[in-house]
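Descriptive analysis of the structure
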Amino acid sequence: MNAPFLTRLWQKFARSRVGRSIFRVGLPQSNLERSQAMTSSFLLHIQPAKVHKHSLKAGYSLGLGLISLYLFIILIGTGVLLMFYYVPSTASAYNTMKDLQFVVSAGLLVRNMHRWAAHLMVLLVLLHLCRVFYTGAYKRPREFNWVIGVGLFLLTLGLSFTGYLLPWDQLAFWAITVGTNIAGYAPVIGTKVKYVLLGGNVVGQEALTRFYALHVIVLPTLALLMVAVHLWRVRKDGGLSRPDESGEVVEQIPPGQLPVNKSYGLMELARGTSPQVGKNPEDEVFSWPHLVFREILLFLLVTAVVLFLAIFWNAPLEEFANPIHPPNPAKAPWYFLGLQELVSYSAFWGGVVIPGLLVTALLLLPYLDRKRAGVGRWFARERVVANSIFTLCLLAAIVFTVIGTLFRGPNWDWVEPWRQPPAITEGH
Amino acid sequence: MNNGSMLRFYGCFTFLGLLVGGLVVLGYYKDEYREWKDYQRKFVQEEIHRAATPQQKAIAESTPVEVRQILLPELNRVDRCTTCHLAVEDPSYGGYQQPLAYHPQHEQHPFEKFGCTICHRGQGRATTTADAHGAVAHWDQPMLPLQYIQASCGQCHEAADNPAAPELGQGQQLFETSGCRGCHKLGGAGGNLGPELDKVGTRRSPEWLKKHFLAPAAVTAGSAMPPQKFSETNLEAIVLFMLSQTGQTAPGYYASMKVIPSADEGQRLFQQKGCIGCHTVAGQGGKVGPVLDDVGLRRSPEWMLQHFRDPQSVTPGSVMPKFGFTETEARALTEFLLHLRERNLASTFPSLMSPVERGREIYRKYGCAGCHGAEAKGGVPNPNAKTAEQVPGLIRVAEGYTKAELKSRIVKGQREIPALEPKRPPPPLYMPAWGAVIKDAELDDLVAYLISLKPKGEDLGF
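Residues numbered from 1 in each chain as written. Chains lettered and ligands numbered in written order. Predicted model: local features only at pLDDT ≥ 70, side-chain atom pairs only at ≥ 80, totals over all residues.

Broken down by element type, chain B carries 24 helices and 6 strands. In terms of overall dimensions, chain B is more spread out than a globule: its C-alpha atoms have a radius of gyration of 31 Å, far above the 23 Å expected for 462 residues. Structurally, chain B occupies a C-alpha span of about 120 × 75 × 40 Å along its principal axes. In chain B, the proportion of contacts linking residues at least 24 apart, taken out of those at least 6 apart, comes to 56%. (Helix = DSSP H or I, 4+ residues; strand = E, 2+ residues; numbered from the N terminus. Rg over C-alpha atoms; globule rule 2.2 N^0.38 Å. Contact = placed C-beta atoms within 7 Å.)

In structure tokens:
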């Protein structure tokens, strides 16, 4: 095969003394090297040497989990750059936003990338959750990975929410005020949670310090760890779900049946999904290049989209935060606007019971819905009941979010977005 | 792995790689292009064009293209205006087109100490014309139109004493004499029928203010404020004074410039520091120190200044204590003493005035005229009030009230004004309770003034 010039150059470097010391295996030429490329690289070895062809079908997974991960990586990169300038003080935070825009080279671009990647990540993680639901991929043996995934979804919301406050403008201040007020509606612990989050009863310097620490240290570290576990479990639970898999889990061999006087290798301890026992090798292809190349292409695509958004649309920045001049209406970040809409009907039911039930239902889902029929197919007929219930909840969430975002004007009154909102005159 | 799929991979790599690369280049270009660079290049070109000697030319050519800024930590500002307005300090650029024009008369307010936005407003950190001039969304401090620039003087200097801002002083005078304080609080003093005005200058535009003064209800639906009949110059002056109310207190060095050492300020100090405890002016005061009425003829300004710094240094054996006056205070007192003879102290010096005269001042000070009219003659409309749909005048209160009753009316106010027709909306103006504001001696003087208003020669003839 006539590899392009750059590939040949790369090949030459990879096979050189220095190249081999770095990559251990050069650009793979044989199947053995293709396996080695995966197993001998720290970054790649979290993935198997061979993947099932079904896992590579773009129409099945839509790459939503990977896109979320890429957005997370972009967020870490741009986030670190922003940290070089950002000062988490109520007096300076807003000024650093202005400096980023007006005097820092590419400052605005980096901030825009961070902002749009953050919004996209919330959206993509949610879509990923939907994909896993509609394909029944949360079922045995992936129950616990679904639970981790729900945790990652909540972490993503937490990351976005804590980041929302940092610019210290009107948008940030009032969105966080509204958002933490919703947290305050929880019975017994609500006001305490709010107090701990804000370091006081209102949004101020203490809140900014805490949100900053959560946003740049606590939550990203947690998320990184959980992403690692999530990916590792994907592999250990047998790769991506597919229609023809058996659904066995790793089974411990009873101690009596274990061979004696041996050091136990993995093959002897475990059976079932994890080690590639009883699989048809014809269904599988080498991860290098089939998986890895696709991953790199997807990363390029995600980067291009984020860059495109960041070049042409600026992240919002309103006036300096003013605790005595609330905008009317004050709105939470968009992903909480469905919640805020519910709260406007009833603080207790909308702010506590319904979201509490939803999260609990999501966490318990794989342990409640245990039939294996329809796993690995989109909208399987066998899962029509579960899919219908989920779709209804999802639609309700979308409808409430859209209402909260577009149809609510001053005093949370109904407005049609295509009509001019009534002018607010300052009352005497 | 067949050749075809591998080539497809390479194709995608090439396409997406070029796409990302192209976007990076586009992003870089968009970030690199800044309009201020054009202005700086124009400036450099002008400098090269002007250069007379090779050395000057070399200097001009090596002018770096970079953001220029004035850091003002005390004012919590960074002003980057000079990034485009490069010649503000160079008189040879007088008469040039903006942004390269020279800024005249900046000697007393050097840019490195004051920056630009403290007077002109706008957004100092911004480096694009639109953002810097501040008339953009989400920036609440657009540039102050030049015709209203005097409003900014009021941030650091007393409005009334500033010879460089006569219209501002006129505006303040109007504010104090038109009865605005009857309904509006400013600096903590005033009524509560209307909104506080402490930050009105940052909330309202000149256009809004003008419209509002002429027809308040047209701008603010349901406003009870009566339309004001200001002349065009007075309207401009009062708008100017309103714009100067930013609610910001200048810090440190800037606050020390508050007092302009004028005779008015000197008189305030003279009163406040209790000088007439020892000195006599206009026939009143203590006998310990010399009479001061003619001191301006006897002493030079330099002598007086030194005397305020250290009395014993010019008058050995003087019993006058060292008061520790600031230099500004000393200059203000000197100014006052120099012009003492021209000033009508008997009518402006509270402790030399009669209770009735003081009462008239108090009537003006608290804005009673806003509702009860100038000299308490009434005539301000109050729709649907039983009293001829007007706020009543007060010139005949002596006939119906004792002094104690009058005081009680002022202290308690009257929230419910009897309506002419019960079906129409209640009268918008009412009498606030002034008890917490006007107290003791002031109240006595005010009542004395009101009692004195009874027209002469109209004594009860029945």
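Having seen the model, we can carry on.
Looking only at helices and strands, chain A has 16 helices and 4 strands in total. Per-residue burial over chain A gives 34% buried out of 428 residues. Pairs at least 24 apart in sequence give 72% of the contacts found in chain A among residues at least 6 apart. (Buried ≥ 20, exposed ≤ 12 C-beta atoms within 10 Å, placed from the backbone.)

Time to look at the nonpolar core. All names here are of chain A. Core analysis: the biggest nonpolar cluster contains 78 residues, and Leu71, Met113, Ala117, Met121 and Ala172 have the highest contact counts within it. Considering every element that reaches this core, the biggest residue donor is helix H7 (residues 107-134), with 15 residues. The contacts of Leu71, once residues within four sequence positions are left out, are Ala117, Leu120, Met121, Leu124 and Val302. (Core = buried A, V, L, I, M, F, W, Y, C linked by C-beta atoms within 7 Å.)

Here we come to the confidence of the model for chain B. Across chain B, pLDDT averages 86, with 96% of residues at or above 70. The ipTM assigned to the predicted complex is 0.86, against a pTM of 0.81. (pLDDT = per-residue confidence, 0-100.)

Residue and element names in this part refer to chain B. Two elements in contact, helix H8 (residues 166-177) and helix H12 (residues 232-243), have axes separated by 7 Å at closest approach and are oriented at 90°. Overall, the two elements H8 and H12 adopt an arrangement that is roughly perpendicular. Counted together, Glu167, Leu168, Gln170, Gly171, Gln172, Leu174 and Phe175 of H8 and Asn234, Glu236, Ala237, Ile238, Leu240 and Phe241 of H12 form the full contact between these two elements. Residues of the contact of H8 with H12, tallied by class, amount to 7 nonpolar, 4 polar and 2 charged. (Axes fitted to C-alpha atoms, helices over the stretch in contact; angles between N-to-C directions. Parallel < 35°, antiparallel > 145°, perpendicular 65-115°, else oblique. Nonpolar A, V, L, I, M, F, W, Y, C, P; charged D, E, K, R; others polar.)

Attention shifts here to unusual backbone geometry. Look at the link from Trp288 of chain A to Pro289 of chain A: it is a cis peptide, with omega at 5°. Secondary-structure assignment places Pro289 of chain A in helix H13 (residues 287-312). Going from Gln98 of chain B to Pro99 of chain B, the amide bond is cis rather than trans, its omega being 10°. Position of Pro99 of chain B relative to the elements: it lies in the loop between strand E2 (77-79) and helix H4 (111-114). Within the chain, Asn76 of chain B stands out as a residue other than glycine whose phi angle is a positive 55°. When you line up the elements, Asn76 of chain B lands in the loop between strand E1 (70-72) and E2. Even without glycine at this site, His138 of chain B takes up a positive phi of about 65°.

On the chain A side, the residues contacting the 29 residues of chain B number 25 residues. Residues belonging to the side of chain B that touches chain A are distributed by class as follows: 17 nonpolar, 8 polar and 4 charged.

A word on the environment of Ser178 of chain B. All names here are of chain B. By secondary structure assignment, the location of Ser178 is in the loop between H8 and strand E3 (185-186). You can call Ser178 buried: it has 20 C-beta atoms within 10 Å. On a C-alpha basis, the gap between Ser178 and Leu453 in space is 19 Å, while along the polypeptide they are 275 residues apart.

A word on the confidence of the model for chain A. Taken residue by residue, chain A gives an average pLDDT of 87. The fraction at 70 or more is 89%. Considering only residues more than four positions removed or in separate chains, one finds that residues 423-428 of chain A, a stretch of pLDDT under 50, has 8 contacts.

This next bit is on the environment of Ala263 of chain B. Residue and element names in this part refer to chain B. Here Ala263 lies in helix H14 (residues 263-272). In this structure the C-alpha to C-alpha distance between Ala263 and Leu333, which are 70 residues apart in sequence, comes to 6.9 Å. If we ignore the near neighbours within four places in the chain, the residues touching Ala263 are Glu335, Phe336, His339 and Arg343.

Where H14 of chain B is concerned, the buried positions are Ala263, Glu265, Gly266, Gln267, Leu269 and Phe270 of chain B. Where H14 of chain B is buried, its residues touch helix H18 (327-338) of chain B.

To characterise two packed helices, one gives the angle between the axes of the helices and the distance between these axes. Residue and element names in this part refer to chain B. Running from N to C, helix H10 (residues 206-214) and H12 point in directions that differ by 125°, and their axes come no closer than 10 Å. For the element pair H10 / H12, the angle class is oblique. Relative to H12, the crossing made by H10 is right-handed. Listed contacts from H12 to Pro206, Leu209, Lys210 and Phe213 of H10 are Leu235, Ile238, Val239, Met242 and Leu243. Residues of the contact of H10 with H12, tallied by class, amount to 8 nonpolar, no polar and 1 charged. (Left-handed = near helix turned anticlockwise from the far one by under 90°.)

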